[in-house]
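Observations on chain architecture
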Amino acid sequence: MTPAIIRLFWDSVSKAQPNLLLNLDDDGLMSWLVDQVKERSSLDPHQQNDLSDYINDRLPLIREMAYES
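In what follows, the accompanying structure is described. (Residues numbered from 1 in each chain as written. Predicted model: local features only at pLDDT ≥ 70, side-chain atom pairs only at ≥ 80, totals over all residues. Heavy atoms only, no water.)

To continue, consider the overall build of the chain. Scanning the chain for helices and strands turns up four helices and zero strands. In the chain, the order of α-helices and β-strands from amino to carboxyl end is α-α-α-α. At 11 Å, the chain has a C-alpha radius of gyration in line with the 11 Å of a compact globule built from 69 residues. Per-residue burial over the chain gives 33% buried out of 69 residues. Within the chain, contacts between residues separated by at least 24 positions form 72% of all contacts whose residues are at least 6 apart in sequence. (Helix = DSSP H or I, 4+ residues; strand = E, 2+ residues; numbered from the N terminus. Rg over C-alpha atoms; globule rule 2.2 N^0.38 Å. Buried < 20%, exposed > 50% of the residue type's maximum accessible area, 1.4 Å probe, protein only. Contact = heavy atoms within 4.5 Å.)

Below is the structure:
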C-alpha cells in the first residue's frame, strides 16, 4: 500500500463525524472508509484488500480517536 493511500485513509478518518465512526458496525465502518478512499483515488483489487486489512487492524484505534473527539 502506498503512502498516498494511507494519507487519504487517515485524512478520511480525521474529517469524518465521530458519531458516524462510532455508530457503524465493524464491517460497515470498514466499507465506508474504503469507499471514502476509493472516491479520491482509484484502487485496484489488491490495494483495496490491503486497505481493508490495514483498516481492520486499526478499528480499535479509529474508534478511540472518534470517542475522544
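Turning our attention to the pattern of salt bridges. Considering all chains together, one arrives at three salt bridges under this definition. Among the salt bridges present, the one from Asp-11 reaches Lys-15, with a minimum N-O distance of 3.2 Å. Of the two residues, Asp-11 and Lys-15 both sit in helix H1 (residues 3-15), four residues apart, roughly one turn of that helix. Of the residues examined, Asp-11 reaches a relative accessible area of 22% and is grouped as partly exposed. For Lys-15, a relative accessible area of 61% puts it in the exposed group. For Arg-63, the salt bridge is made with Asp-26, and the minimal N-O distance between the two is 2.9 Å. A residue pair is termed long-range when its members are at least 10 positions apart, and Arg-63 in helix H4 (residues 45-68) and Asp-26 in helix H3 (residues 26-40) qualify at 37 residues. You can call Arg-63 buried: its relative accessible area is 17%. (Salt bridge = Lys/Arg side-chain N within 4 Å of Asp/Glu carboxyl O.)

It is the contact of H1 with H4, at a shortest axis distance of 11 Å, that shows an interaxial angle of 35 degrees. For the element pair H1 and H4, the recorded crossing hand is right-handed. Counting all contacts with H1, which are made through Ile-5, Ile-6, Phe-9, Trp-10 and Val-13, the residues of H4 involved are Gln-47, Leu-51, Tyr-54, Ile-55, Arg-58, Leu-61, Ile-62 and Met-65. (Axes fitted to C-alpha atoms, helices over the stretch in contact; angles between N-to-C directions. Left-handed = near helix turned anticlockwise from the far one by under 90°.)

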